[in-house]
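Remarks on the overall topology
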Amino acid sequence: MMDGLMSASVLKHTKTGRALFWSSALSEPLFTLYGLVAIILYKDLGASAWQIALMTMLKPLITILSFYWSAGLGRSGKIKSNVLWAGFLMRAPFLLCPFFDSVWFVIGAAVNYMFFHRAVIPGWMEIIKRNMDAGKRGKLFSLSSAFGYAEGVVLSLGMGCVLDHDPGLWKILFFGASLVGMGVLAIQARIPVEEKAWEGERLKWRELVARPWKDSYRLIRTRPDFARYQWGFMVCGFGIMLIQPALPIFAVDDLGVSHTMAAGGISIAKGLGFALSSPVWAKWIERVNVLKLASWVFLSVALFPVLMACSTWWIGWFYLAYFWYGVGQGGSHLVWHMSGPIFAGKEESSRFTGVGLMMGGLRGAVAPPLGGWLAVVLGPIEVLVLGGALCFYSGARLLKSRFAKKDEIAQKI
């Protein structure tokens, strides 16, 4: 009997681990193209700074609604179907790219992508938490992400060259990348997941709307360590979102970058930084307090806008900036995704991950439009410096937190 349980556990772990790597590999083509959307809009489709700022604002703001997609997963008993439907709807609009040549269609497809890209995370992380050992899931998740980013390095160079040769081919690239990404659904559908049907009462629509917010507020009030972590991410994330509308304007108008140069910085340099640093971050997440690790991540990210501002003197700083941003993002990606399972312990992790989605949506409602306005009034370089200052403040403040200084955080892994 015991051998049977062990073999079932090993089977779950193995299939989920394989699914992690295949999901990263098949999702990366579309994710790489998604990173070039702002450049494609501004350079090829003639989008205005206001339209780019709107898209940048809507992408994180829409995560508030994605918060509802994942709310109550532990009670619904439909975690796998939640993940599969989100994966399908995330990619479907890009299959229609060959039939449209519109700024607003691309903005809509990009915002839809971000909605379901975020919506799928709580369910996907809960599957990983249930099927994989606590001591290994962080390492495997980080390595699979690094594998995907390394793939993105190669893809981005090829895509940048293709777009420089014929900008109109962005439609075909998006179609093909979406089609490849659909293969993820077949892999995830084979993962064994034990789900329990919820037999509780049906909630009224008002309660459905209010309950996730109440649960999140209650969770933050009762877990001061988790609250400190979320507020740290809030300030640092605000700084990064603040500079997003200024980046394509700065890159095109001040630096005069081409598609190939943009791919070299945004995907290649950042991808290399992510891939090379991920194994290091994966080791540290098993050894240090998650709050202390998060503070190191924020301090690393703070250097990105400063290095980017230096690229006005030498274009090499442009690539170095994105490489270092990849280093910081490697830690941010791991800490953000693993924080839910880490803080949750034996509880339902989707509640903790959902709070992160909600906080991201709230800062997305303010930071991008403010950054776009400041880029016009002050200039993109000034916005970069301001964003870096917020990230540095967040990292320094969290590093001094009494929770980050404790050897044992108030959580059960």
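Residues numbered from 1 in each chain as written. Predicted model: local features only at pLDDT ≥ 70, side-chain atom pairs only at ≥ 80, totals over all residues. Heavy atoms only, no water.

Here we look at the overall build of the protein chain
A tally of regular secondary structure across the protein chain gives 20 helices and zero strands. Restricting to contacts in the protein chain with at least 6 residues of sequence separation, those with at least 24 account for 87%. Total accessible area computed for the protein chain in this model is approximately 18,400 Å², and 66% of it derives from carbon and sulfur atoms. (Helix = DSSP H or I, 4+ residues; strand = E, 2+ residues; numbered from the N terminus. Contact = heavy atoms within 4.5 Å. Areas by Shrake-Rupley, 256 points an atom, 1.4 Å probe, with all protein chains shown as cover.)

A few points about the pattern of salt bridges
Going through the model one piece at a time under the given rule, you end up with one salt bridge. In this structure, the salt-bridge partner of Arg223 is Asp225, at a minimum N-O distance of 3.2 Å. There is no split in this pair, since Arg223 and Asp225 are both buried. (Salt bridge = Lys/Arg side-chain N within 4 Å of Asp/Glu carboxyl O. Buried < 20%, exposed > 50% of the residue type's maximum accessible area, 1.4 Å probe, protein only.)

Observations concerning helix α6 (residues 79-91)
End to end, α6 covers 19 Å across 13 residues, agreeing with the expected 18 Å (1.5 Å per residue, within 8%). The complete set of buried residues in α6 reads Ile79, Asn82, Val83, Ala86, Gly87, Met90 and Arg91. Looking down the long axis of α6, one finds its buried residues gathered within 140° of arc, a one-sided arrangement. (Expected span 1.5 Å × (residues − 1). Arc of directions from axis to C-beta.)

Re the environment of Val327
Position of Val327 among the secondary structure elements: in helix α16 (residues 316-344). Judged by relative accessible area, Val327 falls into the buried class, the value being 12%. Once the C-alpha coordinates of Val327 and Ser277 are considered, the two residues, 50 residues apart in sequence, prove to be 5.5 Å apart. When sequence neighbours within four positions are dropped, the list of residues in contact with Val327 reads Gly273, Phe274, Ser277 and Trp281.

A short note on the side chain of Glu28
Mapped onto the secondary structure, Glu28 falls in helix α1 (residues 2-34). Buried within the structure, Glu28 lacks any salt-bridge partner; its nearest side chain of opposite charge belongs to Lys270, at an N-O separation of 8.5 Å. What Glu28 contacts, discounting residues up to four positions off in sequence, is Gly148, Tyr149, Glu151, Gly152 and Leu155. (Lys, Arg positive; Asp, Glu negative; His and termini not counted.)

Considerations on the confidence of the model for the protein chain
Confidence in the prediction for the protein chain averages 78 pLDDT; 83% of positions are at 70 or higher. Averaged pLDDT values for the elements of the protein chain fall to 51 in helix α5 (residues 73-76) and rise to 91 in helix α9 (residues 170-181). Taken together, the stretch residues 1-6 has pLDDT below 50 and engages in zero contacts with residues farther than four places along the chain or on a different chain. The low-confidence segment residues 407-413 (pLDDT under 50) makes 16 contacts with residues lying over four places distant or belonging to another chain. (pLDDT = per-residue confidence, 0-100.)

Details of the packing of helix α12 (residues 224-243) against helix α18 (residues 367-377)
Running from N to C, α12 and α18 cross one another at 45°; their axes reach a closest spacing of 7 Å. With respect to each other, α12 and α18 are oriented oblique. Between α12 and α18 the crossing geometry is right-handed. Residues Phe238, Met241 and Leu242 of α12 touch α18, and the partners they reach there are Ala367, Pro368, Leu370, Gly371 and Leu374. Residues that form the contact of α12 with α18 fall into these classes: seven nonpolar, one polar and no charged. (Axes fitted to C-alpha atoms, helices over the stretch in contact; angles between N-to-C directions. Parallel < 35°, antiparallel > 145°, perpendicular 65-115°, else oblique. Left-handed = near helix turned anticlockwise from the far one by under 90°. Nonpolar A, V, L, I, M, F, W, Y, C, P; charged D, E, K, R; others polar.)

Let's talk about the packing of aromatic side chains
Under the criterion given, the structure shown has 20 aromatic pairs. Relative to Tyr113, the ring of Tyr34 lies with its centre 4.7 Å away and its plane at 35°, an arrangement referred to as tilted. Of this pair, Tyr34 sits in helix α1 while Tyr113 is found in helix α7 (residues 103-131), placing the two residues 79 residues apart along the sequence. Across the pair, exposure class does not vary: Tyr34 and Tyr113 are buried alike. Their ring planes at 70° and their centres at 5.3 Å tell us that Phe318 and Tyr322 sit as a pair that is edge-to-face. (Phe/Tyr/Trp six-rings, centres within 6.5 Å; stacked < 30°, edge-to-face > 60°.)

Details of the nonpolar core
Formed by 102 residues in total, the largest nonpolar core has its most connected members in Leu41, Phe174, Tyr229 and Met308. Broken down by element, the residue count for this core peaks at 17 residues, all from α7. Beyond its immediate sequence surroundings of up to four residues, Phe174 is in contact with Leu30, Leu33, Tyr34, Val37, Ile40, Phe94 and Cys97. (Core = buried A, V, L, I, M, F, W, Y, C linked by side-chain atoms within 4.5 Å.)

Some words on the packing of helix α15 (residues 290-309) against helix α19 (residues 380-399)
Packing of α15 against α19 leaves a shortest axis separation of 8 Å and a crossing angle of 165°. In terms of axis orientation, α15 runs roughly antiparallel to α19. In the crossing of α15 with α19, the sense of the turn from one axis to the other is left-handed. Residue-level inspection shows Leu291, Lys292, Ala294, Ser295, Trp296, Phe298, Leu299, Val301, Ala302, Pro305, Met308 and Ala309 of α15 in contact with α19, the latter providing Ile381, Leu384, Gly387, Gly388, Cys391, Phe392, Ser394, Gly395, Ala396, Leu398 and Leu399.

Thoughts on the environment of Ser349
Inspection of the secondary structure assignment puts Ser349 in helix α17 (residues 349-364). Distance from Ser349 to Ile127, taken between C-alpha atoms, is 9.7 Å for residues 222 residues apart in sequence. The contacts of Ser349, once residues within four sequence positions are left out, are Met125, Glu126, Lys129, Gly340, Pro341 and Ala344.

Observations concerning the environment of Ala189
Relative to the elements of secondary structure, Ala189 occurs in the loop between α10 (183-188) and α11 (205-222). A C-alpha to C-alpha distance of 7.4 Å links Ala189 and Lys80, two positions 109 residues apart in sequence. Once you skip the residues sitting within four places of it in the chain, Ala189 turns out to touch Lys80 and Leu84.

Focus on the state of the cysteines
Tallied over the full model, the rule gives zero disulfides. Unpaired in terms of disulfides, Cys236 finds its nearest cysteine sulfur in Cys391, a separation of 3.7 Å. Taking the relative accessible area as the measure of exposure, Cys236 reaches 5% and is therefore buried. (Disulfide = S-S within 2.5 Å.)

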